[in-house]
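Overview (structure and organization)
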Amino acid sequence: MGYQFIRFDVDQGVGCITLNRPDVLNSVHTPMADELRGALERIATDPAIRAVLLTGAGRAFCAGQDLDEVKPGNAAVDFATHVRRVYNPLVQAIRALDKPVVCAVNGVAAGAGANLALACDIVLAAEEAAFIQAFAKIGLVPDTAGSFVLPRLIGTARATALMMLGEKLPAKQAVEIGLIYRAYPAAALAEEAMKLAAHLATQPTYGLGLTKRLLQASATNTLDAQLELEAEYQGLAGHSADYSEGVAAFLEKRPPTFSGK
Ligand code: T3D
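Described in the following lines is the structure provided in the data block. (Residues numbered from 1 in each chain as written. Predicted model: local features only at pLDDT ≥ 70, side-chain atom pairs only at ≥ 80, totals over all residues. Heavy atoms only, no water.)

This part is about helix α10 (residues 241–251). Listed in full, the buried residues belonging to α10 are Asp-242, Glu-245 and Ala-249. For α10, the arc enclosing every buried residue in end-on projection is 65 degrees, short of the 170-degree limit, so these residues lie on one face. Facing away from the buried side of α10 by over 90 degrees, the exposed positions are Phe-250 and Leu-251. Buried residues along α10 sit in contact with α8 (205–218). One or two positions beyond α10, positive phi appears at Lys-253, with a value near 55 degrees. (Buried < 20%, exposed > 50% of the residue type's maximum accessible area, 1.4 Å probe, protein only. Helix = DSSP H or I, 4+ residues; strand = E, 2+ residues; numbered from the N terminus. Arc of directions from axis to C-beta. Contact = heavy atoms within 4.5 Å.)

In structure tokens, the structure reads:
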């Protein structure tokens with residue numbers, strides 16, 4: 001499939017997706033969202049791709065919904081339908097992917113753009129980047145799972161203030177409060193993010209996929225249910241080729257070669 005609004009390539013087992021509408025800060029219109037979903041579907045079914053890297057072209061990561069597409073008075077746009085059609089499936093696709101997804105937030109991430117980044121598994125950012133829950137500034141409410149993810153990552157007090165005030169949260173502060181994992185100088189971000197994604201692609205990705213499911217289940221499970229799920233998934237991981245290889249490599253004092261199986 002050819003892409004017009006994203007770039008997609010595979011390098012070192014990593015499916016690299018770049019949002020590519022830099023003139024409008026990679027804001028999301030429906031065709032771009034469709035391409036992004038298509039790339040995620042392709043990644044899900046390609047066993048040669050074992051990790052994902054999502055970033056943006058130009059000076060921004062993503063400025064959220066393309067506001068030109070949803071101008072007030074545009075009778076064709078019903079936001080409830082639009083959110084269900086465009087944003088919910090993107091979050092669901094990223095969360096359902098049994099492969100680690102790294103996000104490199106190269107510049108400002110606003111509205112749905114911020115929450116798209118936060119739907120990923122490991123979020124890195126340029127020190128110059130910022131996260132903005134921009135919805136309140138234009139009379140909308142958080143979407144793209146922001147109201148689910150933010151309170152769980154940084155607590156209700158901070159999530160509420162960020163969502164009600166729509167203030168810019170600089171990347172370094174986002175690291176300090178636990179919203180994202182690490183920030184790097186802009187010039188180093190792309191290399192660090194690729195290094196991380198390529199490393200993950202060589203790891204026991206079957207187990208990492210199960211770990212991702214466990215973490216997601218913990219958001220709603222009771223302790224007993226979570227303990228049971230851990231036992232179940234440990235049973236699965238214990239039968240994996242990667243477990244055999246990991247233990248053999250340890251005993252033979254050599255680096256492991258994991259297959260993701
Ligand atoms: O169903 C639904 O659609 C509802 C769902 C909504 C989900 C959402 O994401 S709501 C939130 C939408 N996003 C925003 O409100 C953010 C809007 N953008 C901004 O506030 C600012 O652009 C930024 C703070 C992100 C960056 O500011 P700055 O000063 O660095 O850049 P700029 O000059 O504002 O933007 C540069 C260009 O990008 C500019 O175009 P121009 O003047 O050069 O022709 C600007 O219009 C364009 N742009 C930026 N954001 C958007 C956009 N164009 C369309 N949609 C955008 N979201």
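Turning next to the sheet that holds strand β8 (residues 130–132). What holds strands together in a sheet is hydrogen bonding between their backbones, with the strands either parallel or antiparallel. Taken together, the four strands give an open sheet; going across it, the order is β4-β6-β8-β9, and neighbouring strands pair in mixed fashion. Edge positions in the sheet fall to β4 (60–62) and β9 (168–170), since each of these pairs with one other strand and no more. Direction aside, neighbouring strands of the sheet carry axes that sit 20 degrees apart on average. The sheet contact formed by β8 and β9 spans three bridges and is antiparallel. (Pairing = 2+ DSSP bridges. Axes fitted to C-alpha atoms, helices over the stretch in contact; angles between N-to-C directions.)

Let us look at the pairing of strand β2 (residues 14–19). Among the six residues that make up β2, six are buried, leaving the element largely enclosed by the rest of the structure. Here β2 shows no split at all, with Val-14, Cys-16 and Thr-18 on one side and Gly-15, Ile-17 and Leu-19 on the other all buried. Of the strand pairs in this sheet, strand β1 (residues 6–11) and β2 are connected by six bridges, and their pairing is antiparallel. Counterpart to Ile-6 in the pairing with β2 is Leu-19. The loop that links β1 with its antiparallel partner β2 comprises two residues; one of these, Gln-12, has a positive phi angle of about 55 degrees. Here β2 runs beside strand β3 (residues 51–56); their pairing, made up of six bridges, is parallel. By the bridge assignment, Leu-19 is partnered in β3 with Gly-56. With helix α1 (residues 30–45) bridging β2 and the parallel β3, this β-α-β connection has right-handed handedness. (Right-handed = clockwise from strand over helix to strand, strands pointing away.)

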